Amino acid sequence: MPKQIHLAAHFPGVNNTTVWSDPASGSHIEFESFRRFAQAAERGKFDFLFLAEGLRLREQGGRIYDLDVMGRPDNVAILQALAAVTEHIGLAGTVNSTFNEPLDVARKLATLDHLSGGRAAWNVVTSWDEFTGENFRRGGYLPKDKRYLRAQEMLSTAQALWDSWDADEVLADAASGRFLRHGDAGRFAIRSDQFDISGRFPVPRSPQGRPVIIQAGDSEEGREFAASSADAIFTRHAELEAGQEFYADVKARLAKFGRRPEDLKILPAATFVLGATESEAAENARQVQYQQVGPATAIAFAEQVWNRDLSDVDPDGPVPSFDPKTDDDVDSGGHISKGRASVRMYRDPVATAREWRELGEREGLSLREVVIRKNGRHTFVGTPQRVADTIDEFVQSDASDGFVLVPHITPGGMDPFVDQVVPLLQEKGSFRTEYEGATLREHLGLRPSPTTVAAVSVEA
Amino acid sequence: MTLHLAVALDGTGWHPASWREPGARPGELFTAGFWVDQLREAEAGLLDLVTIEDSFALDSDRADRAQGRLDAQLIALRVGPVTSRIGLVPTVVTTHTEPFHVSTEIATLDYVTTGRAGVRVKVSSRADEYALFGRREYGAESHESLFDEAADHIEVQRRLWDSWEDDAEIRDAATGRFVDRDKLHYIDFAGDHFSVRGPSITPRPPQGQPLVSALAHVDVAYRLAARGADLVFVTPGGVGRAGPTGDAEAILRQVRAEEASVGRQGDPLHVIGDLLVVLDDSADAARERLARLDAADGEELRSDARILTGTVGDVADVLESWHATGLAGARLRPAVTAHDLARITRELVPELQRRGLFRTAYDADTLRGHFGLARPADRYART
Ligand SMILES: Cc1cc2nc3c(=O)[nH]c(=O)nc-3n(C[C@H](O)[C@H](O)[C@H](O)COP(=O)(O)O)c2cc1C
């Protein structure tokens, strides 16, 4: 049997990948859209549904950024509701480790796991910035260099809480009058750099024991965190060679934590555009790119590089000839764009600007066309057969263990993939034709969670 | 005018021995089916709402009591899609939670149920709950300060719900704008316990303002309700921390006095009386049931709410007298859900209908609608 592909469906996010101007684009907030999207992914036998999170509306130039889709529900909350209208698909929510407390998060995820019959997953993200902190009790209290320390402690604490009840603790035996084996089940005490908590965890062990852990973060620290503690890693490396490099790098880190390569699934984010022929697909892709980068978005993206107001620049004219402003440190909050992780990718804006200018001059492209080239590329473009072949090739050649697919239309964007590509992957024998297990851990081919400790006491 | 009827759900029921009763399904307490069935029963009885109890800490260390709790908000979310009319009101502890998160969670419940969400806020008063969070010291803050914080918590939830005007989403292809940012508002709340900038990440929920409620036994709690809630649950003939709470008339007087003293604007509080019920065909049979339950548990049942042991006729009499006093309705706490919930929906409700005191069909499909509350204008909207 070929190596098995794992697929996740990313509900379209609040960025310009999501096209809202298309006639097919529906509500991004009504439950009906989530229900339709989740049920399509389940029809396609996907491993899990994935939701991203952002805890502050983005800003640019001191004003709320208004060009992209925005407004979303609370992640764990909407996933819990989706558990009522799906049966098999995993339910993965992004939940921040800086602006939450472990008891609360662990309880929520354990509840989601109970009330979905073992389908919960937590994508642990580490946004720590002051801008986001303004919505929370403690503000921007956490220094950047402690973001992964807190994430690591948050996760190990949550895991200790999930492990604090034995699987056979609840007897519920009316005849003998014994509900529990031990009257004080769930007792724990944890003292670490970030936490000093004790008492009893209120939720009995959930079907998966520990919900599935996903990590999204790219730095050295992020990779180590994933290698030590995550079941899946969500990455941006969706090109064959870069993917193979990343895959080898991360998988090689597992041994030192006593883990096997198959204990961590590597799932890059990927977009797709289909067509009946290669040229039709290419034309569709071009149209989507123009929808994703309208004139106003092109200017906004250029402003993120130039770090200044460019409202008087013509998007259909050339790339600006002047250099970006570089005096503000992006991480300290001086940048024109706030609440957006991608600006951190422009490590050297002057060089980026020069690259854009050269590309524009060389190929006679307008600013908007350059932005499209630089930002609007789709991962998979082609006939369903071509896309199925490429995905399978990625997985068989260890560039990934599958993909988190990001469609650009809500809520119907996953339908073409489900109807046209999934059957071809199934024909190859590299994707399931039926759900075989009951839990998300089983869908992902992960080992069961370690069983339990009767009393948990951790000192770090 | 008819009265409002709610049921307070808490695991297998409010009697600690309820889990041992026939039909209690204690082994399913942590499954979706257990809650879905209770909600279907409650909705078949045309109830206004159910509340779902919650606390981060467990109530007991006894192995012979049903222990373990799921997050009440998530229970409400799980049953949301399989119900269509009944209001869902989970309990939320204000002392240890982020108002920003709670606001978006309740807004999400409102989206999932298309307008049936409420929230019951609760102040944490237990040392063991503080230790679970390790962020603040139990007993270091006054009662007044904790209730002020709860009022701020409600205020932040409410401002965030209004922080997107209803027509903020414009999808204007000509200018490329998805929203009109002039219709998104910073809430800039600054208080003693927290500051919150906003706007919400979640658009204004279907009801505009989901229904906010609190349970109150003493002045400071009546004041909290008067400041921020739509609904207050009270305990006529019950006992609070400060002793007996008084009868319905006395409580109502106190609630109205607090409303006046805080200068409450708009709709007055709906005041709902709580009653813990042990129901049977005769008062004697009900008393025997309670005695049997107490014997099984080894302790006499105690409650902040009055315990009514009797027939549905007895309950109807109490509700009728409360109603005459001016209470808006009742929230019943079934001693044994498996037994008493069906007595409420299948016997008490028809009895109240016979007396002309209760609806015979739902006539609204939002929780605010059940209480005759209009969808409020957005506080930030310029007209
Ligand atoms: C593919 C991917 C998806 C991410 N999704 C989110 C998200 O939904 N919400 C969020 O707050 N951060 C998200 N992040 C940010 C990371 O959690 C992390 O905070 C950030 O990448 C900085 O960590 P790093 O320096 O290790 O990359 C994502 C990162 C990646 C690589």
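Note that the structure is predicted; figures quoted are calculated from it, not measured.

Our focus in this paragraph is the overall build of chain B. In terms of helices and strands, chain B carries eleven helices and 15 strands. Over its C-alpha atoms chain B spans a radius of gyration of 21 Å, differing by no more than 12% from the 21 Å that the globule rule assigns to 383 residues. Seen along its three principal axes, the alpha-carbon backbone of chain B occupies a region of about 75 × 50 × 45 Å. For chain B, buried positions account for 62% of its 383 residues. Taking the contacts inside chain B whose residues are at least 6 apart along the sequence as the reference set, 75% of them involve residues at least 24 apart. In the structure as shown, chain B presents an accessible area of about 13,400 Å², 47% of it carried by carbon and sulfur atoms. Averaged over its 44 positive side-chain charges, chain B has a centre that lies 2 Å from the centre of its 61 negative ones.

Before going further, it helps to spend a moment on the domain arrangement of chain A. A common measure of how large an interface is: the accessible area buried when the components associate. All names here are of chain A. You can read the domains of chain A as domain 1 (6-275 + 380-459) and domain 2 (294-375). The centre of domain 1, based on its C-alpha atoms, is set 32 Å off from the matching centre of domain 2. Contact with domain 1, which involves twelve residues of that partner, is made by 13 residues of domain 2. Both sides together, the interface formed by domain 1 and domain 2 hides about 1,200 Å², and carbon and sulfur atoms give 50% of it. Taken together, domain 1 and domain 2 are joined by zero salt bridges. Our count for the contact surface shared by domain 1 and domain 2 stands at six residue pairs in polar contact (both at pLDDT 80 or more). Of the residues that constitute the side of domain 1 that touches domain 2, the class distribution is four nonpolar, four polar and four charged.

Taken together, the contact pairs 75 residues of chain B with 71 residues of chain A. Between chain B and chain A, the buried area comes to about 6,300 Å², and carbon and sulfur atoms account for 60% of it. Here chain B and chain A share eleven salt bridges between them. The salt bridge partner of Lys-108 of chain A is Glu-105 of chain B, with a shortest N-O separation of 3.2 Å. In this structure, the connection of chain B to chain A is made through 34 residue pairs in polar contact (both at pLDDT 80 or more). Only α2 (72-79), α3 (99-112), α4 (127-133), α5 (143-162), β5 (169-172), β6 (177-179) and β8 (195-196) of chain B provide two or more residues apiece to the side of chain B that touches chain A. Its residues assigned to classes, the side of chain B that touches chain A shows 33 nonpolar, 22 polar and 20 charged.

This paragraph deals with empty space enclosed by the protein. Residues and elements named next belong to chain A. A complete count under the given rule lists three cavities of 30 Å³ or more for this structure. Along the wall of the largest cavity there are 15 residues; nearest its centre are Phe-11, Pro-12, Phe-34, Arg-72 and Pro-73. Grouping the amino acids of the lining of the largest cavity by side-chain chemistry returns nine nonpolar, five polar and one charged.

All names here are of chain A. Glu-53, Arg-147, Tyr-148, Ala-216 and Ser-219 are the nearest of the 15 residues found near the ligand. Within the side chain of Thr-126, a nitrogen or oxygen atom sits 2.9 Å from an oxygen atom of the ligand. A distance of 2.6 Å separates an oxygen atom of the ligand from a polar side-chain atom of Tyr-148. Within the complex, 84% of the 620 Å² of free accessible area of the ligand lies under protein. Sorting the residues of the shell around the ligand by element identifies α5 (147-162) and β12 (232-235) as the ones contributing at least two each. Along the lines of polarity and charge, the residues of the shell around the ligand split into five nonpolar, six polar and four charged.

Okay, the pattern of salt bridges next. Taken as a whole, this structure holds 92 salt bridges over all chains when the rule is applied. Among the salt bridges present, the one from Arg-135 of chain B reaches Glu-101 of chain A, with a minimum N-O distance of 2.3 Å. Of this pair, Arg-135 of chain B sits in the loop between α4 and α5 while Glu-101 of chain A is found in the loop between β5 (90-96) and α3 (102-114), placing the two residues in two different chains. For Arg-135 of chain B, a relative accessible area of 35% translates into the label partly exposed. Take Glu-101 of chain A: its relative accessible area is 12%, and that puts it in the buried class.

Ranked by internal contacts, the top residues of the largest apolar core, which has 173 residues, are Phe-46, Trp-122, Phe-201 and Phe-417 of chain A together with Leu-5 of chain B. Setting aside anything within four residues of it in sequence, one finds Trp-122 of chain A in contact with Gly-93, Val-95, Val-105, Leu-109, Met-154, Leu-155, Ala-158, Trp-162, Val-212, Ile-213 and Ile-214 of chain A. If you look at the next biggest cluster of nonpolar residues, it comprises 23 residues, including Met-70 of chain A together with Val-156, Ala-168 and Ile-187 of chain B.

A separate point is helix α9 (residues 312-325) of chain B. Residue and element names in this part refer to chain B. Compared with the 20 Å implied by 1.5 Å per residue over 14 residues, the 20 Å span of α9 between its first and last C-alpha is a close match. All of the buried residues along α9 are Val-312, Gly-313, Val-315, Ala-316, Val-318, Leu-319, Trp-322 and His-323. The elements touched by buried residues of α9 are β1 (4-9), α7 (248-261), β13 (270-279), β14 (306-310), β15 (329-334) and α10 (337-354). Following α9 by one or two positions, Gly-326 has its phi on the positive side, about 120°.

Any segment with low pLDDT has predicted coordinates that should not be analysed in fine detail. Scored by pLDDT, chain B comes out at a mean of 97, with 100% of its residues at no less than 70. The complex model carries a pTM of 0.97, and its ipTM stands at 0.98.

Calculation criteria
Every residue gets a number counted from 1 within its own chain, in the order that chain's sequence is written. All chains are assigned letters beginning at A, and all ligands numbers beginning at 1, according to the order in which they are written. Thresholds applied to this predicted model are a pLDDT of at least 70 for local features of residues and 80 or more for the giving and counting of side-chain atom pairs; totals over whole chains, interfaces and linings are not thresholded and use all residues. To obtain the side-chain values, all non-hydrogen atoms of the structure were used and water was disregarded. Helix and strand assignments come from DSSP, with helices taken as H or I runs of at least 4 residues and strands as E runs of at least 2, each series counted from the N terminus. Restricting the calculation to C-alpha atoms gives the radius of gyration, and the globule rule supplies 2.2 Å times the number of residues raised to the power 0.38. Only protein chains enter the accessibility calculation, which uses a 1.4 Å probe; a residue is then buried when its area is under 20% of its type maximum, exposed when over 50%, and partly exposed in between. Whether two residues touch is decided by their heavy atoms; if any such pair falls within 4.5 Å, the residues are in contact. Using the Shrake-Rupley algorithm and a 1.4 Å probe, accessible areas are obtained, with residue cover drawn only from the displayed protein chains. Only four residue types enter the charge count: Lys and Arg as positive, Asp and Glu as negative, with His and the chain ends excluded. The atom standing in for a charge is NZ when the residue is Lys, CZ when it is Arg, CG when it is Asp and CD when it is Glu. These domain limits were set by an automatic method or by a database of domain assignments. Accessible surface is computed with a 1.4 Å probe, and the buried area is the amount of it that two parts give up when combined, taken over both parts together. Any carboxyl oxygen of Asp or Glu that lies within 4 Å of a side-chain nitrogen of Lys or Arg is treated as forming a salt bridge with it. N or O atoms closer than or at 3.5 Å make up a polar contact, with two conditions inside protein: a donor-capable atom paired with an acceptor-capable one, and, for residues adjacent in sequence, both atoms drawn from side chains. Each residue receives one of three labels: charged for Asp, Glu, Lys and Arg, nonpolar for Ala, Val, Leu, Ile, Met, Phe, Trp, Tyr, Cys and Pro, and polar for the others, Gly being one of them. In this analysis the probe radius is 1.4 Å and the grid spacing 1 Å, with only protein atoms considered; a cavity is a set of points the probe fits into but cannot get out of, a pocket is an open set with protein on both sides within 12 Å along at least five of seven lines, and lining residues have an atom within 4 Å of a point. Grid points are joined across faces, edges and corners, and a volume is the space filled by probe spheres set on the points. One heavy atom within 4 Å of a molecule or strand is enough for the residue carrying it to be called near that molecule or strand. The criterion is simple. A nonpolar core is a set of buried Ala, Val, Leu, Ile, Met, Phe, Trp, Tyr and Cys residues joined through side-chain atoms within 4.5 Å. Working rule for helices: expected span equals 1.5 Å times residues minus one. A score from 0 to 100, pLDDT tells how confident the predictor is in each residue.

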